[in-house]
Amino acid sequence: MKALPFKIPKSSTDTLIVQEDKEVVFYDKFHQHEEIQISIIISGEGSLIVGDTITDYKANDILIFGSNVPHVLKSASSAVKSYMISLFFTKESFGNLFFKLPEFNDLSGFFRNSVYGIKVFSKKEKLKKQFLKIVEKKEKLDRFTIFLKVLKILKTSKTETISSFISKRAYTDNEGKRMAKVFQVVMNEFNRDFSLKEVADLANMTPNAFCRYFKQRTNKTFFQFLIEVRIENACRLISRESDITISEVSYRSGFKNLSNFNRKFKEIKGMTPSDYKKRLHEPSFG
């Protein structure tokens with residue numbers, strides 16, 4: 001399978017694609033596809049990259065990726081089987097004029113924001129019921145009816161965009177493979193040292209050319225990206241292991257210096273690792 005662009009498997013008669021991913025890990029290549037994607041994570045957790053933003057995903061998260069938005073979901077562990085239900089469609093899937101009908105005027109913000117990736121924060125149980133129903137149905141009309149219900153619920157759900165920057169440059173196959181290779185190595189091996197020459201060699205580029213190339217497509221330097229991947233791993237360790245020390249979190253996340261870890265964590269998360277840990281694990285009263 002190609003890393004970028006990625007083709008969603010479908011027949012010539014498919015308009016709405018309903019896909020279940022039940023794997024030890026999700027497809028972890030940085031990729032994009034023409035179809036808009038609405039997904040719910042039934043089980044599993046890990047890191048999510050959309051545009052210039054690295055964050056996490058977990059069970060019951062509902063995520064939306066617009067047409068040709070580069071993204072990747074990197075599973076954190078194989079201890080829990082990853083399960084995701086996704087709906088794929090384009091704005092032309094049901095006819096060129098379908099989404100231009102006045103009944104869909106209220107969805108203009110949905111389509112506009114989808115180019116930055118969207119995370120849903122309300123009405124998640126209602127949406128989950130519809131996703132579970134849609135995989136049970138085999139008739140296309142039944143699935144289409146449920147899809148309209150999903151859009152109706154999303155229209156009034158509380159959402160936030162995930163990314164603030166999406167490169168306008170179209171990825172060729174070769175560019176996609178370059179970026180996918182770099183992202184995959186970093187996300188799998190973030191806790192070791194990297195040299196600029198090493199990652200530039202992965203992309204078959206000179207270090208200077210790679211720096212420009214990476215910054216144009218992610219709005220950040222390679223080492224900024226690496227630090228953010230490490231900080232997301234640190235957050236996951238703190239949330240999963242209540243007894244873990246901050247120094248161990250620092251070491252396991254690839255930081256060789258505790259003070260540097262504390263400084264970078266606060267820059268990205270707005271609080272120290274210790275404060276983050278207290279917020280997660282200390283009981284609240286009142």
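The structure we're discussing is the one just above.
Okay, so let's go over this structure. (Residues numbered from 1 in each chain as written. Predicted model: local features only at pLDDT ≥ 70, side-chain atom pairs only at ≥ 80, totals over all residues. Heavy atoms only, no water.)

### Observations concerning the overall build of the chain
Part 1: Along the chain, the regular secondary structure elements total 10 helices and nine strands.
Part 2: Rg of the C-alpha trace for the chain: 20 Å, near the compact-globule value of 19 Å for 286 residues, within the 12% margin.
Part 3: Oriented by its inertia axes, the alpha-carbon framework of the chain measures out at about 60 × 55 × 35 Å.
Part 4: Taken across its 286 residues, the chain has 48% of its residues classed as buried.
Part 5: A gap of 3 Å separates the mean positions of the 49 positive and 33 negative side-chain charges of the chain. (Helix = DSSP H or I, 4+ residues; strand = E, 2+ residues; numbered from the N terminus. Rg over C-alpha atoms; globule rule 2.2 N^0.38 Å. Buried < 20%, exposed > 50% of the residue type's maximum accessible area, 1.4 Å probe, protein only. Lys, Arg positive; Asp, Glu negative; His and termini not counted. Charge placed at Lys NZ, Arg CZ, Asp CG, Glu CD.)

### Here's the deal with the sheet that holds strand S7 (residues 82-89)
Part 1: Here we have six strands laid out as an open sheet, ordered S1-S7-S2-S5-S8-S9, and antiparallel in their pairing. Each of the sheet's edge strands pairs with one partner strand only, and the pair in question is strand S1 (17-23) and strand S9 (159-161). Recorded for the sheet is a direction-independent mean angle of 20 degrees between the axes of neighbouring strands.
Part 2: Pairing analysis gives four bridges linking strand S2 (residues 36-43) to strand S5 (residues 62-65), with the strands arranged antiparallel. Its bridge partner lying in S5, glutamine 37 is registered against phenylalanine 65.
Part 3: Helix H3 (residues 140-155) contacts S1, S2, S5, S7 and strand S8 (118-120) of the sheet and is inclined by roughly 95 degrees relative to S7. (Pairing = 2+ DSSP bridges. Axes fitted to C-alpha atoms, helices over the stretch in contact; angles between N-to-C directions. Contact = heavy atoms within 4.5 Å.)

### Section: the nonpolar core
Part 1: In this structure, Phe89, Phe99 and Phe110 are the most contacted members of the largest nonpolar core, which totals 31 residues.
Part 2: Sorting the residues of this core by element identifies S2, S5, S7, helix H1 (108-114), S8, helix H2 (124-136) and H3 as the ones contributing at least two each.
Part 3: Apart from residues no more than four positions distant in its own chain, phenylalanine 89 is found in contact with Thr15, Leu16, Glu35, Ile36, Ile38, Phe94, Phe99, Phe110, Phe111 and Phe147.
Part 4: Val185, Met187, Ala200 and Phe210 belong to the second largest nonpolar core, which has 24 residues in total. (Core = buried A, V, L, I, M, F, W, Y, C linked by side-chain atoms within 4.5 Å.)

### What to know about the packing of helix H7 (residues 222-240) against helix H10 (residues 273-281)
Part 1: Taken N-terminus to C-terminus, the directions of H7 and H10 make an angle of 40 degrees; their axes are 9 Å apart at the nearest point. Between H7 and H10, the angle falls in the class oblique. With respect to the hand of their crossing, H7 and H10 are arranged in right-handed fashion. Along its contact with H7, which presents Cys235, Ile238 and Ser239, the element H10 presents Pro273, Tyr276, Lys277, Leu280 and His281.
Part 2: Its residues placed into classes, the contact of H7 with H10 shows five nonpolar, two polar and one charged. (Parallel < 35°, antiparallel > 145°, perpendicular 65-115°, else oblique. Left-handed = near helix turned anticlockwise from the far one by under 90°. Nonpolar A, V, L, I, M, F, W, Y, C, P; charged D, E, K, R; others polar.)

### Looking at the packing of H2 against H3
Part 1: Between H2 and H3, the least distance of the axes is 10 Å, while the angle of their chain directions is 165 degrees. As the angle between them shows, H2 and H3 are arranged roughly antiparallel. The handedness of the crossing between H2 and H3 is left-handed. Contacts from Lys126, Leu127, Gln130, Phe131, Lys133, Ile134 and Val135 of H2 reach H3 at Arg143, Ile146, Phe147, Lys149, Val150, Ile153 and Leu154.

### Side note on the environment of alanine 59
Part 1: Mapping alanine 59 onto the fold places it in the loop between strand S4 (53-57) and S5.
Part 2: Taking relative accessible area as the criterion, alanine 59 reaches 33% and is therefore assigned partly exposed.
Part 3: Along the chain, alanine 59 and isoleucine 42 lie 17 residues apart, while their C-alpha atoms are 5.2 Å from each other.
Part 4: Excluding anything up to four places from it in sequence, alanine 59 contacts Ile41, Ile42, Ser43 and Gly44.

### Points about the pairing of S7
Part 1: Of all eight residues in S7, eight are buried; the element is thus mostly enclosed.
Part 2: Along S7, one buried face is formed by Ser82, Met84, Ser86 and Phe88 and the opposite face, lined by Tyr83, Ile85, Leu87 and Phe89, is buried too.
Part 3: Pairing of S1 with S7, which is carried by seven bridges, proceeds in the antiparallel orientation. In the strand pairing of S7, lysine 22 is matched with tyrosine 83.
Part 4: Taken together, the seven bridges between S2 and S7 define a ladder with antiparallel strand orientation. Bridging from a neighbouring strand, isoleucine 38 pairs with leucine 87 of S7.

### Digging into the packing of aromatic side chains
Part 1: Evaluated as defined, the whole model comprises 24 aromatic pairs.
Part 2: For the pair phenylalanine 183 and phenylalanine 225, a centre-to-centre distance of 4.6 Å together with 20 degrees between the ring planes defines the contact as stacked. Of this pair, phenylalanine 183 sits in helix H4 (residues 173-189) while phenylalanine 225 sits in helix H7, and the two are 42 residues apart along the sequence.
Part 3: Take phenylalanine 183: its relative accessible area is 1%, and that puts it in the buried class.
Part 4: Members of the aromatic cluster, each reached through a chain of ring pairs, are Phe89, Phe94, Phe98, Phe99, Phe104, Phe110, Phe111, Phe144 and Phe147.
Part 5: When the ring centre of phenylalanine 255 is taken as reference, the NZ or CZ atom of arginine 230 above it lies at 5.9 Å. (Phe/Tyr/Trp six-rings, centres within 6.5 Å; stacked < 30°, edge-to-face > 60°. Lys NZ or Arg CZ within 6 Å of the ring centre and 35° of its normal.)

Interpretation in functional terms is not warranted from these geometric data alone.
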